[in-house]
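Listed below, chain by chain, are the residues.
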Amino acid sequence: MPLPGGLWWLLCCRRGFTLLHRDYGDGELSGDGDEDEDEETFELRTPSPAGGGRSPLDVTLTQPVRSGPVSDRLQSWEETRSLIPEKGPPEDDPDVVVKGWLYREPRGGGARPWLPPRRAWFVLTRDSLDQFSSSGKGARRLGSLVLTSLCSVTGPERRPKETGLWSVTVSGRKHSVRLCSPRQAEAERWAVALREVIASKAPLETPTQLLLRDIQESCGDPEAVALIYRRNPILRHTSGALYAPLLPLPYGVSAPGPGYAPLREEAVRLFLALQALEGARRPGPLMQGVLQTCRDLPALRDELFLQLAKQTSGPAGPPGPPATQDPAALRYWQLLTCMSCTFRPGGAVRGHLLGHLERTEQALPDSELAEFARFIRKALGRTRGRELVPSLAEISALSRRQELLCTVHCPGAGACPVAIDSHTTAGEVARELVGRLGLTRSRNAFALYEQRGAQERALAGGTLVADVLTRFENLAAEEAGLEDSPDSGWRLCLRLHGPLHPEGLSPDGHELPFLFEQEPGGGAPQKLCLGLGAKAMSFSRPGETEPIHSVSYGHVAACQLMGPHTLALRMGESQLLLQSPQVEEIMQLVNAYLANPSPERPCSSPSPPGQDLPGTSPRSQHPGLDEPQGQSGCLGQLQD
């Protein structure tokens, strides 16, 4: 995004002067015959004493820096000018890295492909990329690009439809220079050399970074910190626009994925999105969009943390309440809460953010802002990174600093609500439910599964449940228009996991329903005996007279044939598949008992044989084991 006027103010209080900043400067290669040197200029204005004035002292700051006794923060005008010779290419200069004839695509050539590339003599030094009209002494300099740590190089890539040449693009603050060569090896040599020069440059620091360092050095003096905020509006809440990123972002680096602009422009767009939160009628989708941008563009995460620290500082500096009592003014804090539960800030940004939260807690201990600050500080200590951004339901819960309720379906116990936060894992939820169901002493292992119809997949113990819920939300949104999808809803289930241990199962416990719902392949086939009585059916192991589990007919919703040797019993949300050579006789007996009214079950006709049950599993390939004897007999494995 172009900078209006290219200027924004920064007041540096510790040094007692006003600093006028014009972004990060670099000399730019201009068109033929035009010398365009765009150095970075600062104007230092010392405070005027009473009764007198003082003219400003003009000082230029530019990158890169030659070796020598030059200040880390200020270099002289002569230092800058010495980097760019007025005429003629340097002869026998030890700083020359590579030189040679190349073609340069004219400025705007991408939009005007009919303009042919122009041949020129290029010289790459440790400080700049210079273009000359020829290689001889006294050649006219056509342009120069001062290289800094923020410059970037892309390529080489071939452009067969335009020039057929191999191109390397060097991006500066205002322009991109495309160097072309007919030989791939030469283009690669220039690309490698340019990257090595840029990588060797000292990292540039933005004025905001310098102020963060000042705040960190003055953290033991609250008055000094307050003075820094008071004299530097860039650190405080503002309703105006932000024209440049707060952190150094590379020039010309295109963001991945469609719809994204270069990183520096995306940083400015993020700030506009933050300001739009104050008047948004539905802030949840906007917050989710901002979080998704930071997930797709990791380089912008620290930038957004700093922007939120700025907007939560109050118009008079931290600590301070919002500008108004409108609840919309708290949305910066709500988004900062979501950010802290999704991403981890970098070292310097993390230190500044923790200090900002601590100052808010100390100054406003009984306020809602202090509650947000405490919540965010605890979240930063637990966040390890997310696979997905929070769902809309999670964003709503985090905006109220509350836990999120999720539902887990357990065999025999139905839907079990579980309170989770952004850091709860699938293993933690499984252990909590195992404890609730009294299965802590079971030899069997349990795990959380995601399920839709006949599809099931075990979740790793370290999987964040909040990420799973976001995935469910995304899948539901994608399938919202598919009316022919019979099972469009995903859900969480607790299942047996690993080898089965049926020994010691209690007939009164909750473990047996898990055995009935174990999917094929989850363990060895189980051989059980079915007994049919006047009021209930029972299951027992072969050779034992005591049943391990009994089911009243009042809990059986339907009984029907699923194949020549397979019988399906539907009980609530569970479905049992029984295998036996005489399933037809068993079905007739069960349906006869179901036809009798039961106080536990309303009168209803059983499903006719052959009618499909929703969500049934395919016919099992296990053969029946034993034939039933009268109203009792052994069956094959019970399956879901």
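Quantities reported herein were computed from a predicted structural model and do not represent experimental measurements.

Q: How do you make sense of the overall build of the chain when you look at a structure like this?
A: Along the backbone of the chain there are 15 helices and 23 strands. Sorting the 640 residues of the chain into buried and exposed places 49% on the buried side. Nonlocal contacts in the chain, meaning residues at least 24 apart in sequence, comprise 62% of its contacts between residues at least 6 apart. For the chain, the exposed surface amounts to about 30100 Å²; the carbon and sulfur share of it is 52%.

Q: Help me understand the sheet that holds strand β13 (residues 414-420), please; the structure alone is not making it clear to me.
A: Paired through backbone hydrogen bonds, the strands of a sheet run either parallel or antiparallel to each other. The sheet built from five strands is open, its strands ordered β13-β12-β16-β14-β15 with mixed pairing. Both edges of this open sheet fall to β13 and β15 (455-458), since each of them pairs with a single strand only. Taking the axes of each pair of neighbouring strands and ignoring which way they run, one obtains an average angle of 40° across the sheet. As paired elements, strand β12 (residues 404-410) and strand β16 (residues 491-496) share two bridges and run parallel to each other. Looking at β16, one finds that valine 408 is bridged to leucine 492. Against the sheet, helix α12 (residues 426-436) contacts β12, β13, β14 (446-452) and β16, and its axis sits at roughly 125° relative to β13. Relative to the sheet, helix α13 (residues 465-478) contacts β12, β13, β14, β15 and β16, its axis offset from that of β16 by approximately 130°.

Q: Got a minute to help me understand empty space enclosed by the protein in this structure?
A: Left-over empty space is what a probe sized like a water molecule reveals as it rolls over the atoms. Taken as a whole and assessed by the stated rule, the structure comprises five cavities of 30 Å³ or more. One number sums up the size of the largest cavity: a volume of about 70 Å³. Taken together, Thr208, Leu212, Tyr229, Ile234, Leu235, Leu246, Leu306, Ala309, Lys310, Ser313 and His352 form the lining of the largest cavity. Among the secondary structure elements, those contributing two or more residues to the lining of the largest cavity are α3 (207-217) and α7 (301-311). With three residues, α7 is the largest single contributor of residues to the lining of the largest cavity. In the lining of the largest cavity, the residues fall into seven nonpolar, three polar and one charged.

Q: Please clarify how the sheet that holds strand β11 (residues 176-181) should be interpreted in this entry.
A: In space, the seven strands of this open sheet follow the order β8-β7-β6-β5-β11-β10-β9, with antiparallel pairing throughout. Bordering the open sheet on either side are β8 (141-146) and β9 (152-158), each of which pairs with just one other strand. Neighbour-to-neighbour, the strand axes of this sheet turn through a mean angle of 30°, independent of strand direction. Sheet analysis places strand β10 (residues 166-171) next to β11, joined by six bridges and oriented antiparallel. When the bridges of β11 are listed, serine 167 appears paired with cysteine 180. Against the sheet, helix α2 (residues 184-199) touches β5 (96-104), β6 (118-125), β7 (128-132), β9, β10 and β11, its axis set at about 170° to β9.

Q: Honestly, the pairing of β13 in this entry has me stumped. Any pointers?
A: Consecutive side chains of a regular strand alternate in pointing toward one face of the sheet and then the other. Across seven bridges, β12 lies against β13 in antiparallel orientation. Within β13, the position partnered with threonine 407 by the bridge is proline 417. Count of turn residues in the β12/β13 antiparallel hairpin: three residues, of which glycine 412 carries a positive phi of about 85°.

Q: Looking at this structure, how should I read the environment of phenylalanine 271?
A: Within the secondary structure, phenylalanine 271 is located in helix α5 (residues 263-277). The spacing of phenylalanine 271 and glutamine 311 is 40 residues in sequence and 9.5 Å in space, taken between C-alpha atoms. Residue contacts for phenylalanine 271: discarding those within four places in its chain leaves Thr238, Gly240, Ala241, Leu242, Gln307, Lys310 and Gln311.

Q: I tried to follow the packing of aromatic side chains on my own but got confused; where do I start?
A: We describe a pair of aromatic rings using the distance from one ring centre to the other and the angle between the two ring planes. Across all of its chains, the model carries three aromatic pairs by this definition. Consider the rings of phenylalanine 472 and tryptophan 490, whose centres lie 6.1 Å apart with planes at 20°: the pair is stacked. With a gap of 18 residues between them, phenylalanine 472 in helix α13 and tryptophan 490 in the loop between α13 and β16 connect regions that are remote in the sequence. A residue is classified by how much of its surface remains accessible, and phenylalanine 472, at 11% relative accessible area, is buried. For tryptophan 490, a relative accessible area of 22% corresponds to the partly exposed category. With centroids separated by 5.0 Å and ring planes inclined at 20°, the aromatic side chains of tyrosine 553 and tyrosine 593 adopt a geometry described as stacked. With tyrosine 553 in the loop between β19 (549-552) and β20 (558-563) and tyrosine 593 in helix α15 (residues 583-595), the pair connects residues that are 40 residues apart, well separated along the chain. Side by side, tyrosine 553 and tyrosine 593 carry an identical accessibility label, which is buried.

Q: How should I be thinking about the nonpolar core in this particular structure?
A: It is characteristic of soluble globular proteins that their nonpolar side chains tend to be buried jointly. Core analysis: the biggest nonpolar cluster contains 51 residues, and Leu291, Leu304, Leu308, Trp333, Leu335 and Met339 have the highest contact counts within it. The leading source of residues in this core is α5, at seven residues. Sequence-distant contacts of leucine 291, defined by excluding residues within four places in its chain, comprise Leu335, Cys338, Met339, Phe343, Val389, Pro390 and Ile395. In terms of nonpolar packing, the next biggest core, distinct from the first, is built from 26 residues, Val418, Leu439, Phe472 and Phe514 among them.

Q: Can you help me understand the pairing of β15 in this one?
A: Both β14 and β15 contribute to a ladder of four bridges, which runs antiparallel. Note that in β15 the partner of glutamine 451 across the bridge is glutamate 456. Count of turn residues in the β14/β15 antiparallel hairpin: two residues, of which glycine 453 carries a positive phi of about 60°.

Q: What exactly am I supposed to notice about unusual backbone geometry here?
A: Peptide bonds are mostly trans, and most non-glycine residues show a negative phi. Following glycine 155, the chain continues into proline 156 via a peptide bond in cis, with omega recorded as 10°. Tracing the backbone through its elements, the reader meets proline 156 in strand β9. Located in the positive-phi region is arginine 401, a residue other than glycine, with phi close to 55°. Note that arginine 401 resides in the loop between α11 (392-399) and β12. On the basis of relative accessibility, which here comes to 26%, the residue arginine 401 falls in the partly exposed class.

Q: Looking at this structure, I do not really get the packing of α5 against α7. What am I missing?
A: Any two packed helices are characterised by how steeply their axes cross, that is the angle between the axes, and by the distance between the axes. Close contact between α5 and α7 brings their axes to 10 Å; oriented N to C, the two are set at 40°. As for how α5 packs across α7, the hand of that crossing is right-handed. Contacts from Ala267, Leu270, Phe271, Leu274 and Gln275 of α5 reach α7 at Glu303, Leu304, Gln307, Leu308, Lys310 and Gln311. Grouping the amino acids of the contact of α5 with α7 by side-chain chemistry returns six nonpolar, three polar and two charged.

Q: So what exactly am I meant to see when it comes to the pattern of salt bridges here?
A: Two side chains that carry opposite charge are able to pair once their charged atoms sit near each other. Taken as a whole, this structure holds 18 salt bridges when the rule is applied. As a salt-bridge pair, aspartate 127 and lysine 201 come within 3.3 Å of each other at their nearest N and O atoms. Taken together, the positions of aspartate 127 in the loop between β6 and β7 and lysine 201 in the loop between α2 and α3 put the pair 74 residues apart, joining distant regions of the chain. Each member of the pair, aspartate 127 together with lysine 201, is buried. One connected set of salt bridges, linked through shared partners, spans Glu361, Glu371, Arg374 and Arg377.

Q: Help me understand the side chain of threonine 169, please; the structure alone is not making it clear to me.
A: Topologically, threonine 169 is positioned in strand β10. Judged by its relative accessible area of 9%, threonine 169 is buried. Among the polar contacts listed, one links the side chain of threonine 169 to the side chain of arginine 178, at a separation of 3.3 Å.

Criteria and thresholds
Residues numbered from 1 in each chain as written. Predicted model: local features only at pLDDT ≥ 70, side-chain atom pairs only at ≥ 80, totals over all residues. Heavy atoms only, no water. Helix = DSSP H or I, 4+ residues; strand = E, 2+ residues; numbered from the N terminus. Buried < 20%, exposed > 50% of the residue type's maximum accessible area, 1.4 Å probe, protein only. Contact = heavy atoms within 4.5 Å. Areas by Shrake-Rupley, 256 points an atom, 1.4 Å probe, with all protein chains shown as cover. Pairing = 2+ DSSP bridges. Axes fitted to C-alpha atoms, helices over the stretch in contact; angles between N-to-C directions. 1 Å grid on protein atoms, 1.4 Å probe; cavity = no way out; pocket = protein on both sides within 12 Å on 5 of 7 lines; lining within 4 Å. Points joined across faces, edges and corners; volume = space filled by probe spheres on them. Nonpolar A, V, L, I, M, F, W, Y, C, P; charged D, E, K, R; others polar. Phe/Tyr/Trp six-rings, centres within 6.5 Å; stacked < 30°, edge-to-face > 60°. Core = buried A, V, L, I, M, F, W, Y, C linked by side-chain atoms within 4.5 Å. Left-handed = near helix turned anticlockwise from the far one by under 90°. Salt bridge = Lys/Arg side-chain N within 4 Å of Asp/Glu carboxyl O. Polar contact = N/O pair within 3.5 Å; in protein donor to acceptor, adjacent residues only side chain to side chain.

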